Amino acid sequence: MAEELDLPAYRSRLDRVMAERGAWPEGSPWVREAVAALPRDGFAPERLWRWGGRAWEPVDRAADPAGWAGELYRSPDEAAVTQLGDGLPTSSLSCQAVVADMADSLRLEPGHRVLELGTGSGWNAALLAYRAGPGRVVAVEADPVLAAAADVRLVAAGMEVQVRTGDGDLGVPDEFPFDRVIATYAVEEIPWAWVEQTAPGGRIVTPWGRLGHVALTVAEDGKSATGWLQGLARFMPTRTQQAHRRRTFGEVRGSVETDRSGSTDRDPTQLADPWGLGFALRVALPDLSVHTGHDADGTSAWITDGHTSWAVLSARTAGGAWTAEGGPRHLAEEVEAAWSQWETIGRPGVYDYGLTRTPTEQFVWADDPRTGPRWPAATHPEEERSDPAPV
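Residues numbered from 1 in each chain as written. Predicted model: local features only at pLDDT ≥ 70, side-chain atom pairs only at ≥ 80, totals over all residues. Heavy atoms only, no water.

1. Quick word on empty space enclosed by the protein
Now for step 1: For the structure on display, the rule yields 1 cavity of 30 Å³ or more.
Now for step 2: Reported here for the largest cavity is a volume of approximately 40 Å³.
Now for step 3: Looking at the lining of the largest cavity, the elements that each hand over two or more residues are helix 11 (277-284) and helix 12 (331-344).
Now for step 4: Here the lining of the largest cavity is composed, by residue class, of 8 nonpolar, 1 polar and no charged. (1 Å grid on protein atoms, 1.4 Å probe; cavity = no way out; pocket = protein on both sides within 12 Å on 5 of 7 lines; lining within 4 Å. Points joined across faces, edges and corners; volume = space filled by probe spheres on them. Helix = DSSP H or I, 4+ residues; strand = E, 2+ residues; numbered from the N terminus. Nonpolar A, V, L, I, M, F, W, Y, C, P; charged D, E, K, R; others polar.)

Dropping the structure here:
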């Protein structure tokens, strides 16, 4: 079956696409070498899942080998869903471009001791072990079934990785210190255990807030970790946060009457830019969900806190937008205030933001961790069932 499938052709095509768009990190050539030596199909289960528009549908290797390979190698930016729970993805083979980018951000060197959290299929742990060396990677997976399968695949690939079953947020207290810590699931607040278990000067790379990943360096005194945002991508949240599903916009609006209306000269089109204002709102108002759509009148926006309040900015043909709101919070005004602040501080983009974690707090900052504006960390993870695309 593998020969008929011609997996090398799929691998070669994805490798070429990544090369053409500059997705292979120049500063970490080992990443491309590791992916070539340990291709993702060697760590994929026999059944994957494809979004069919209304539900996730199985794609079995035996019944549809081309479809199975297509899910694995469709695009540098597409994950391959490997497990469902309650009709939603709970594990995936992360998209190759993000895996490469995060590995580059880790600044991994041979001999480093690495803690990997959220092992899933075991592919990322294998790539890390390729660079760090035998016995240098400890991998933690919450799901015992996934952990056992990952261990089998790693052994079959000849990679010496210690796989443990447990809560990744707790790290591995009996194995630290680690030189590098990397998570493959998103957290709103960086667990302090990760900082404690990283050696001074060590590096922590993790998805933050389901929108991108950060790379933090632990201070020499071990009392803080700070670093810059590295890019955008949407990640699955930690399993402890998946249980706290927020209500969708439709659910909130359906239970809260409209009690305020008005207009604004603001153009909601800017809200659709995830690298600019869209990201700034995520930082300033982390508990809000903002979705945009375009029609003949322009771009409109639908905003909710996922609990009690909602707002709509409906595009006007003459410019600006009509506003309508419901609930105790005045979300249109909150967005307006955050929008104005973003303009006042110079319209920072994603790479102008960073994050600092101490034993007692976490905050996001812009431009400079000491003198720049800062915001409290998010306390409510964004969890929308309408978004089917994990990384």
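Still to come is the rest of the account.
2. Re the pairing of strand 9 (residues 198-208)
When a strand is regular, its side chains alternate between the sheet's two faces.
Now for step 1: Burial runs high along strand 9: 9 of the 11 residues are buried.
Now for step 2: Looking at chain direction, strand 8 (residues 178-183) and strand 9 are connected through 4 bridges and run parallel. Paired with Arg180 across the bridge in strand 9 is Arg203.
Now for step 3: Pairing of strand 9 with strand 10 (residues 212-218), which is carried by 6 bridges, proceeds in the antiparallel orientation. By the bridge assignment, Arg203 is partnered in strand 10 with Thr217. (Buried < 20%, exposed > 50% of the residue type's maximum accessible area, 1.4 Å probe, protein only. Pairing = 2+ DSSP bridges.)

3. Looking at helix 3 (residues 30-37)
An α-helix turns once per 3.6 residues; consequently, residues spaced three or four apart project the same way.
Now for step 1: Three or more residues of helix 3 are buried, namely Trp30, Val31, Ala34 and Val35. For helix 3, the buried positions fall inside an angular range of 135 degrees around the axis, keeping them on one side.
Now for step 2: Packed against the buried residues of helix 3 are helix 5 (96-106) and helix 6 (123-132). (Arc of directions from axis to C-beta. Contact = heavy atoms within 4.5 Å.)

4. Notes on the pattern of salt bridges
Now for step 1: Under the definition given, this model contains 24 salt bridges.
Now for step 2: Notably, a salt bridge pairs Glu46 with Arg61, separated by 3.9 Å at the nearest N-O pair. Here Arg61 lies in the loop between strand 2 (56-60) and helix 4 (65-73) and Glu46 lies in the loop between helix 3 and strand 1 (47-51), a separation of 15 residues in the sequence.
Now for step 3: Glu334 is the partner of Arg329 in a salt bridge, and the nearest nitrogen-oxygen pair spans 2.6 Å.
Now for step 4: You can call Arg329 partly exposed: its relative accessible area is 22%. (Salt bridge = Lys/Arg side-chain N within 4 Å of Asp/Glu carboxyl O.)

5. Topic: the sheet that holds strand 17 (residues 353-357)
Now for step 1: The sheet built from 10 strands is open, its strands ordered 7-6-5-8-9-10-11-17-18-19 with mixed pairing. Because the sheet does not close on itself, it has two edges, and the strands there are strand 7 (161-165) and strand 19 (374-376). Geometrically, the sheet is characterised by an average inter-axis angle of 20 degrees between neighbouring strands, direction not taken into account.
Now for step 2: When strand 5 (residues 114-117) meets strand 6 (residues 137-141), the two strands line up parallel, connected through 4 bridges. By the bridge assignment for strand 6, Leu115 is matched with Val138.
Now for step 3: The sheet strands contacting helix 7 (residues 144-156) are strand 6 and strand 7, and the helix crosses strand 7 at an angle near 170 degrees. (Axes fitted to C-alpha atoms, helices over the stretch in contact; angles between N-to-C directions.)

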